[in-house]
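Secondary and tertiary structure notes
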Amino acid sequence: MVVTEGVADVTNGLIAIGAGLAVGLAGVGTGMAEKDIGAAAIGAITEDSSLFGRSMIFMVLPETVVIFGLVIAIMAIFVM
Amino acid sequence: MFQRSGKGNYAYTSARAKAKKSRLLKEEDYSKMLMMSVPEISHYISEAGYSKEMTELGNRYTGLSLVEYATYANMAVAFRSILKASTGELRNMVEAYLSEWDFTNLEVILRGKNYGLPVEEIREDLVPAGRLDMDDLDDLVAAPGVEETLDLFASKTGVRVSDEAVAAYRNDRMLKDIEDELAKTFYRNLLLSVGTTTQANRIFRTYLERVVDAQNVETLLKLKVERIGGEEAMKYFIPGGQEVDEKTYAQIAAAADVVSAGNEMQGLKIHNEIKGALTDNASVLDVVAAIDRYNAELANSVAHMYPLSVIPVVDYMIHKRNEARNIRMIAHGVDSGLDVETMKGLLVI
């Protein structure tokens with residue numbers, strides 16, 4: 001924290017919190033989405049193991065949401 | 001009955017049910033089977049998912065009996081796997097739905113005991129597709145008499161038959177009062193097991209109410225085919241339906257024959273679907289096939305509404321049951337030399 005003329009500069013701290021929230025909340029959202037997809041995928045694979053490949057694709061689709069969060073976090077820290 | 005709390009694993013169970021449904025026999029499979037002999041049908045279904053049961057039962061039965069027992073054994077395994085996979089309120093609903101088989105098995109055991117059949121013969125006709133597995137059913141079969149069997153059933157499931165029905169049995173040694181009460185208890189418990197908190201559950205409940213209607217109509221038409229009506233018919237009324245209340249039921253029961261019963265039903269939704277079977281020379285088989293087709297269409301109409309609910313699970317169970325029924329019907333038809341067109345008319349797809 002930099003103190004200039006008696007005023008604390010918290011900009012970097014706020015950027016770090018924002019980046020953390022972007023990744024963290026995106027992760028929570030992804031987890032919620034993957035909960036049902038994962039359960040359904042396991043159910044489908046239990047009955048027919050040839051569905052493993054397709055189930056995996058659906059399983060990882062919500063991971064893109066975390067990538068969006070990560071991009072925002074990187075932009076917040078390195079671009080802004 | 002013990003009620004489980006928690007929402008239930010809808011995603012897992014409905015995905016399993018849908019995967020199982022995708023492996024059921026299709027219309028073209030039935031078309032091929034209609035052209036086969038009974039041994040060819042046995043071979044065909046062995047390759048279509050029934051191999052385990054056909055092998056297990058193959059050393060005890062042959063021909064038509066093998067097809068009959070293998071189809072029900074396969075269905076029982078499939079239903080129990082769904083029951084074991086489900087949790088929470090979903091399991092409550094699946095269990096209540098499958099308890100139909102517990103009641104059916106109990107009736108088989110009671111009839112067997114009443115007519116003094118040997119234990120092995122009673123066991124052969126049991127289908128452990130409900131909450132009670134084969135060990136539980138063996139306990140029931142081993143009970144010395146009808147009343148002891150009912151007491152044991154009550155301790156296992158919590159369903160107790162009224163003293164009046166038992167007294168009526170003591171009086172005339174006829175099981176009809178006990179059986180009527182069991183049928184009514186099944187539908188009452190089933191309707192009670194479905195909460196109305198979610199839209200999917202409300203749709204399922206409406207579906208069940210229409211199934212009760214269909215059951216009442218089926219009973220009435222079977223009685224009409226045999227020219228039975230009035231007070232005798234009123235004893236079989238099952239409450240809880242959507243359209244067929246006691247008054248409507250009494251009106252249809254008072255009709256002279258199948259055709260006039262059909263006229264009394266004109267305001268009901270079910271009438272449009274089954275009117276083709278309501279002729280002067282209608283047989284019980286035609287009426288039952290028409291009602292089964294109506295039930296299958298009813299299930300299809302709601303099956304895709306809520307993917308993560310009890311609906312796709314029950315939809316699978318209805319289709320699996322129809323598959324077992326169709327295979328048995330074709331095997332019987334082929335064995336007795338029924339013509340292909342008649343068998344096609346009795347298929348429920």
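None of the values given here were measured: they were computed from a predicted structure. (Residues numbered from 1 in each chain as written. Chains lettered and ligands numbered in written order. Predicted model: local features only at pLDDT ≥ 70, side-chain atom pairs only at ≥ 80, totals over all residues. Heavy atoms only, no water.)

**Some words on the overall build of chain B**
A count of helical and extended segments in chain B gives 18 helices and zero strands. Scaling as 2.2 N^0.38, a compact globule of 349 residues should have a C-alpha radius of gyration of about 20 Å, and chain B matches this with 20 Å. Seen along its three principal axes, the alpha-carbon backbone of chain B occupies a region of about 50 × 45 × 45 Å. Buried residues in chain B amount to 52% of all 349 residues. Of the side chains in chain B, 41 bear a positive and 53 a negative charge, and the two mean positions are spaced by 6 Å. (Helix = DSSP H or I, 4+ residues; strand = E, 2+ residues; numbered from the N terminus. Rg over C-alpha atoms; globule rule 2.2 N^0.38 Å. Buried < 20%, exposed > 50% of the residue type's maximum accessible area, 1.4 Å probe, protein only. Lys, Arg positive; Asp, Glu negative; His and termini not counted. Charge placed at Lys NZ, Arg CZ, Asp CG, Glu CD.)

**Notes on the overall build of chain A**
The number of helices and strands found in chain A is three helices and two strands. Reading the helices (α) and strands (β) of chain A from amino to carboxyl end gives β-β-α-α-α. Its C-alpha radius of gyration of 19 Å places chain A more than 25% over the 12 Å reference for a compact globule of 80 residues. Burial status across chain A gives 20% buried among its 80 residues. Considering only contacts in chain A between residues 6 or more positions apart, those separated by 24 or more positions represent 65%. Only carbon and sulfur atoms are counted for the fraction: they give 76% of the accessible area of chain A, which is about 5,600 Å². (Contact = heavy atoms within 4.5 Å. Areas by Shrake-Rupley, 256 points an atom, 1.4 Å probe, with all protein chains shown as cover.)

**Here we look at the pattern of salt bridges**
Residue and element names in this part refer to chain B. A full pass over the atoms with the stated rule returns 20 salt bridges over all chains. The partner of Asp-136 in a salt bridge is Lys-156, and the shortest N-O contact between them spans 3.2 Å. Here Lys-156 lies in helix 8 (residues 146–157) and Asp-136 lies in helix 7 (residues 134–142), a separation of 20 residues in the sequence. When its relative accessible area of 22% is taken as the criterion, Lys-156 is described as partly exposed. With a closest N to O distance of 3.1 Å, Lys-156 and Asp-139 form a salt bridge. (Salt bridge = Lys/Arg side-chain N within 4 Å of Asp/Glu carboxyl O.)

**As for the confidence of the model for chain B**
Per-residue pLDDT for chain B has a mean of 87; in total, 99% of the residues score no lower than 70. What the predictor reports for the complex is a pTM of 0.84 with an ipTM of 0.80. (pLDDT = per-residue confidence, 0-100.)

**Brief notes about the interface of chain B and chain A**
Residue-level contacts link eight residues of chain B with nine residues of chain A. The junction of chain B with chain A conceals about 680 Å² of combined surface from both sides, 64% of it contributed by carbon and sulfur atoms. When the buried area of chain B at its contact with chain A is split by residue, B:Ala11, B:Tyr12 and B:Arg16 rank highest and sum to 53% of it. The interface formed by chain B and chain A includes three salt bridges. The salt bridge partner of B:Arg16 is A:Glu47, with a shortest N-O separation of 2.8 Å. Run the count over chain B and chain A and you get three residue pairs in polar contact (both at pLDDT 80 or more). (Buried area = accessible area lost by both parts, 1.4 Å probe. Polar contact = N/O pair within 3.5 Å; in protein donor to acceptor, adjacent residues only side chain to side chain.)

**Some thoughts on unusual backbone geometry**
Despite not being glycine, B:Arg173 has its phi angle at roughly 60°, a positive value. Structurally, B:Arg173 can be placed in the loop between helix 9 (163–172) and helix 10 (176–193).

**Quick word on the side chain of B:Arg328**
All names here are of chain B. Within the secondary structure, Arg-328 is located in helix 17 (residues 310–335). Classification of Arg-328 as buried rests on a relative accessible area of 18%. There is a polar contact of 3.1 Å between the side chain of Arg-328 and the backbone oxygen of Glu-68. Beyond its immediate stretch of four places on either side in the chain, Arg-328 contacts Glu-68, Thr-71 and Tyr-72.

**A closer look at empty space enclosed by the protein**
All names here are of chain B. Overall, the coordinates contain two cavities of 30 Å³ or more when judged by the stated rule. Surrounding the largest cavity, Phe-204, Tyr-207, Ala-299, Val-302, Ile-311, Val-314, Asp-315 and Ile-318 form its lining. Sorting elements by how many residues they give to the lining of the largest cavity places helix 17 first, with four residues. Per-class residue counts for the lining of the largest cavity are seven nonpolar, no polar and one charged. (1 Å grid on protein atoms, 1.4 Å probe; cavity = no way out; pocket = protein on both sides within 12 Å on 5 of 7 lines; lining within 4 Å. Points joined across faces, edges and corners; volume = space filled by probe spheres on them. Nonpolar A, V, L, I, M, F, W, Y, C, P; charged D, E, K, R; others polar.)

**What about the packing of helix 11 (residues 199–225) of chain B against helix 16 (residues 284–303) of chain B?**
Residue and element names in this part refer to chain B. Across the interface, helix 11 lies against helix 16 with an axial gap of 10 Å and an inter-helix angle of 170°. Put simply, helix 11 runs roughly antiparallel to helix 16. Residue-level contacts link Ile-203, Tyr-207, Arg-210, Val-211, Ala-214, Val-217, Glu-218, Leu-221, Lys-222 and Val-225 of helix 11 to Val-284, Val-287, Val-288, Ile-291, Tyr-294, Asn-295, Leu-298, Ala-299 and Val-302 of helix 16. Its residues assigned to classes, the contact of helix 11 with helix 16 comprises 15 nonpolar, one polar and three charged. (Axes fitted to C-alpha atoms, helices over the stretch in contact; angles between N-to-C directions. Parallel < 35°, antiparallel > 145°, perpendicular 65-115°, else oblique.)

**Description of the nonpolar core**
Where a protein is soluble and globular, its nonpolar side chains tend to be buried together. Residue and element names in this part refer to chain B. Ranked by size, the top nonpolar core spans 87 residues in total, and within it Ile-178, Phe-204, Tyr-207, Val-217, Leu-221, Ile-274 and Met-317 carry the most contacts. In contact with Val-217, other than residues within four places in its own chain, are Val-244, Met-265, Leu-268, Ile-270, Ile-274 and Ile-291. In this structure, Leu-25, Leu-34, Met-36 and Ala-289 belong to the second largest nonpolar core, which totals 25 residues. (Core = buried A, V, L, I, M, F, W, Y, C linked by side-chain atoms within 4.5 Å.)

**Structural notes on the side chain of B:Asn9**
Residues and elements named next belong to chain B. Considering the arrangement of structural elements, one finds Asn-9 in the segment before helix 1 (10–22). Judged by its relative accessible area of 19%, Asn-9 falls in the buried class. Leave out the neighbours within four places in its chain, and Asn-9 touches Ala-85, Ser-86, Thr-87 and Leu-90.

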